[in-house]
Every structure is written in structure tokens, then in C-alpha cells.
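Close look at the chain arrangement
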Amino acid sequence: MKQKTKLINPLQEIPTTSRRQFLLCSAALGGAALTAAAPARAGTENLSIPAWSKRSGDPVLWHPYGQPSAQQSHVVRRTLPGAPVPGAGASWTPLQNLHGNITPNGLVFERHHAGIPNIDAALHRLVIHGLVKQPLLLTMDDLLRFPAVSRIHFLECSGNTSREWRAPVSNSVQFSHGLLSNCEWTGVRLSTVLDEAGVLPAAQWLLAEGADAAGVSRSIPLAKAFEDALLVYAQNGEMLRPEQGYPLRLLLPGWEGNMSIKWLRRLKVADKPFFARNETSKYTDLLPDGTSRIFSFGMDAKSVITYPSPDHKLRDKGFYEISGLAWTGQGRIKRVDVSTDGGKSWREARLDGVVLDRALTRFRIDWQWDGGPATLQSRAIDETGYVQPTLQQLIAKRGLNSAYHNNAIQSWAVAADGSIKNVHV
Ligand SMILES: Nc1nc2c(c(=O)[nH]1)N[C@H]1C(S)=C(S)[C@@H](COP(=O)(O)O)O[C@H]1N2
Ligand SMILES: [Mo]
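This structure is a prediction, so every number in the text was calculated from the model and none was measured. Along each chain, residue indices are assigned from 1 in the same order as the chain's sequence is written. The lettering of chains begins at A and the numbering of ligands begins at 1, in the order of writing. In keeping with the predicted nature of the model, local features appear solely for residues at pLDDT of at least 70, side-chain atom pairs appear and are counted solely at 80 or more, and the whole-chain, interface and lining totals rest on all residues. Side-chain calculation: all heavy atoms of the structure are included, whereas hydrogens and water are not.

**Brief notes about empty space enclosed by the protein**
Cavity: a set of points on a 1 Å grid over the protein atoms alone where a 1.4 Å probe fits but cannot get out. Pocket: an open set with protein on both sides within 12 Å along at least five of seven lines, its lining residues, like those of a cavity, having an atom within 4 Å of a point. Grid points are joined across faces, edges and corners, and a volume is the space filled by probe spheres set on the points. Considering all chains together, one arrives at 2 cavities of 30 Å³ or more under this definition. In this structure, the largest cavity encloses a volume near 250 Å³. Forming the boundary of the largest cavity are 20 residues, of which Arg 111, Arg 249, Gly 257, Ser 260 and Lys 262 lie nearest the centre. Here the lining of the largest cavity gets 3 residues from one element, more than from any other, and that element is strand β2 (residues 110-112). Ten residue types, Ala, Val, Leu, Ile, Met, Phe, Trp, Tyr, Cys and Pro, are classed as nonpolar, four, Asp, Glu, Lys and Arg, as charged, and the remainder, Gly among them, as polar. Among the residues making up the lining of the largest cavity, the classes are represented as 8 nonpolar, 6 polar and 6 charged. Its volume calculated, the second largest cavity comes out at about 50 Å³. Of the residues assigned to the lining of the second largest cavity, the class counts are 6 nonpolar, 4 polar and 1 charged. For the purposes of this entry, the term helix denotes a DSSP run of H or I that reaches at least four residues, the term strand denotes a run of E that reaches at least two, and both are numbered from the N terminus.

**Quick look at the site of ligand 1**
Proximity is defined per residue: any heavy atom of the residue falling within 4 Å of a molecule or strand makes that residue near it. The environment of ligand 1 is formed by 20 residues, the closest being Phe 109, His 113, Asp 212, Arg 249 and Lys 262. His 113 places a side-chain nitrogen or oxygen 2.7 Å from an oxygen atom of ligand 1. As used in this structure description, the phrase polar contact means that two N or O atoms lie within 3.5 Å; if the pair is within protein, one of them must be able to donate a hydrogen and the other to accept it, and residues adjacent in sequence are counted only when both atoms belong to side chains. Separating an oxygen atom of ligand 1 from a side-chain N or O atom of Lys 262 is a distance of 2.6 Å. Look at ligand 1: alone it shows 530 Å² of surface, and the protein chains cover 100% of it. Of all the cavities here, the one that holds ligand 1 is the largest cavity. When residues of the shell around ligand 1 are assigned to their parent elements, the largest contribution, 3 residues, is made by β2. Taken together, the residues of the shell around ligand 1 break down into 7 nonpolar, 7 polar and 6 charged. Note on areas: Shrake-Rupley with a 1.4 Å probe; residue coverage comes only from the protein chains shown. Put plainly, a molecule is in a cavity or pocket when over half of its atoms are within 2 Å of the grid points there.

**With respect to the sheet that holds strand β7 (residues 205-210)**
Taking strand neighbours across the sheet as the criterion, the 5 strands line up as β4-β3-β12-β7-β8 in an open arrangement whose pairing is mixed. Sheet topology places β4 (136-138) and β8 (217-221) at the edges, where each strand pairs with a single neighbour. Taking the axes of each pair of neighbouring strands and ignoring which way they run, one obtains an average angle of 15° across the sheet. Should DSSP find at least two bridges between two strands, the strands are taken to pair. For β7 and β8, the ladder comprises 5 bridges, and the chain directions are antiparallel. Looking at the pairing, Trp 205 lines up with Pro 221 of β8. Contacting β3 (126-130), β4, β7 and β12 (264-270), helix α7 (residues 190-197) runs over the sheet at an angle of about 135° to β4. Structural elements are reduced to axes, namely lines fitted to C-alpha atoms, with helices fitted over the stretch in contact, and the angle between N-to-C directions of any two is expressed from 0 to 180 degrees. The contact criterion used is simple: two residues touch if any of their non-hydrogen atoms lie within 4.5 Å.

On their own, these measurements won't tell you what the molecule is for.
Given below as C-alpha cells:
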């Protein structure tokens, strides 16, 4: 009995060192923090024995494929009404509910131009043709025999945050920034397969085409194909989800999501770009001088505070850890600054864990909320020295006719009642 009591007493489970660190950190914040933020001190006499502790629980294999707790049923992808064509649409990742860096497979945002094709992997083929010595017709079995690599990378739709240019319309980080995921992708280097086909000297570009009814296709510079492009068949350890391109997708690390062609069936090597629909009529950026920028491939540095954000409400003044995500298509994140006064002053956040190349990086910073209005912002700086712009700076450069590639600093206003909303400052 004595031992059981010890095991279930949460206070005794905190190792002395981390408890000391917490006290020290609170002291550094001004001491007063602890009273508001610390849980009430209690002893084992306060622990009752609930119903679920009195009988054996559900058996093993209750769910042969594991499911989240039923109490987490609010943590789901969500969509907005108004998709124009049947099957064309998007769903957003609930960033406000996620911890750490990896996006669980069931919560990875979706963007489909003609629905999710129901592909029989045994019948699926990848053709590589055009300016090659030896055209190839590959089955999935063939692809699985090549040497493989696993890489963690973010994928961001260039339409992410596109609704926020003129007004702060999304009152949730899910809808303002949720066309964003970060997975461990496994597959074959595209260069391995291109070497097998033998690319001819005149080759400069590649057309990648999907097997969905929209036949989404994009032109890709051959340099990128040889640098780090992957032919991916697995995602976070399991085979791709149908939504993410089962059985095969292209992954172009750090480049706009649209180019990572799902349900990949064809690669054509050529000496010039193809000017496909999704790089001419769509995914171009209309500039203030009336010209349209095409081939905006790499995503620029961006960050957003995911906690606290509009889906949360602060309970009481005192200690909070502000946390969020930063990423850049140009390499690694070097630094993230956080402001709690709408950009007047900045403090450097901690980057949690190993900072990976073109992957989401979790940042954290301690904050002492005084109970008054506050405006929270984060600003990412990447290893090239590029600094995430304010919305005004971005609009000064790009005008207001752009939809894609909005990487502006996001502001969340905290009101005295602890509620939080999306604002432009
Ligand atoms: N074949 C095909 N590939 C596609 C798309 C598509 O509709 N069809 N959508 C693109 C877009 S716009 C994005 S942002 C990403 C989304 O990837 P995800 O649905 O796995 O998150 O896939 C890209 N690849
Ligand atoms: Mo996209």
C-alpha cells in the first residue's frame, strides 16, 4: 500500500532537479508568478480512487489500429465552406492542439484539386521519359528495391495565410496557418532513379504529373531534382495516406506545397519548362506593377505562435509558456524573437531540440502575463540572415493583389478577460 501511494502521488514524481529549475525560473520572472501558475499543494489524502482504477480496462487490440483518446475528438482537420468544384478543396491542420514538431498522419492538412483517387498500388506505374537514355516504367515493387532515405521536412501550401492580406479574417491558427505539416518522409532520392534512366546533356527541366483526375502537373528545375527531391512512399513510418498521395508522391523540400505532386505517375525530362496550368494561371504572384511573378519556388522564413492563440483562453494572470513554430524553405531557422507588446520590444525565444534543415522548429519563451491587454508576435530569422517581414513591409513589396506566399508576422491580441483574437497592428 505504501509503495502504491508513492507511485500515484504526482508531486513525489517530479525529480528534485527539474522542480528546482522551475522554482528558479519562476524566481527569475519576479517570484510573484508562482502563486498564480503553480498547482495547489496537496498530499495523497486528496487522491480518491476513481471508477477506472477499480476494474480491469479494455483489452489489448481493442483498437487494432490505435486511436486517440475519445476526449481528444475535437482535435481534427477542419474545412471551410465554398470549394468551387466537386472534389476540389482543402482541410486545415489543428496547429492550436499540437505539441512538438511532427504532424500526426491523421491531422496532416489536405489540398486536392480533384479529390483523392482510389489507387491500386499493384497497378500503379511511374513512367520516366523524355530526354533520357533509357525510359523507365516502374512498379511500386521496383521503387521499394532502390536504396531509401528518411527525412523530416515541412510542407506548406503557398496559399497558406492567403486570406489574411487585407484583414485578420481567421480567428483560429488552424485556418490562418494550418495548410502546414511536418512529417518524416521515406522514399528514394529522385537522383537515384534519374541516374538509372540516364539524363541527356540538353536536359534542364522535369514535368511531374499526378494520377488524379485533375492531372496536376508542375515543371521542376533539374538542379532541384538532383539536389534533394524525394520519391516518397512512406510518411511517419507507415505507407502514405491516400490523402497524401498513396502510393507515391514527389517531395521537394522547402518548396511550395503545390510542386510536391501526389499520386505521381509521370516524370518527363525536357530542355525547358512546360508552363502547366498550376504555374501560369495559378500559383503566380501578381505584383504592384501589374506583372505576374512565376516560379516562386522556395518558401521564405515564417513563424506563428500556436499557444496561446484564439482557440485558447488565459485563465488567470501569471506564468505562461508562449510556444509556436518557425520554418524556412532556405535552410535552418537561426533565431526566433517574440514580442508581447505588438512589436515594440522583442526577446529571443528558445529553439527546442535539434534544428533541422527545412523542417518545423518549435520555439518556446517564458511570459509573465500581468492581466492587461497584450499583443503577441513572433519573428523568424533564418540562416541566410533573412528576417520574417511585418505585414506592412510585405504589402509595401508585394502590393495587395497577391494571394500566395504571405509569410508576414502574425499578431494575436490578448484581452484583459484572457480571450485572444487575430488582429492586424
Ligand atoms: N496530383 C496532385 N498533387 C498535388 C495536389 C493535387 O491536387 N493533385 N495538390 C498540391 C497542393 S496545392 C498542395 S499544397 C500539396 C498538399 O499536400 P497534402 O494534401 O499531402 O497536404 O499537394 C500538392 N500536390
Ligand atoms: Mo497548395
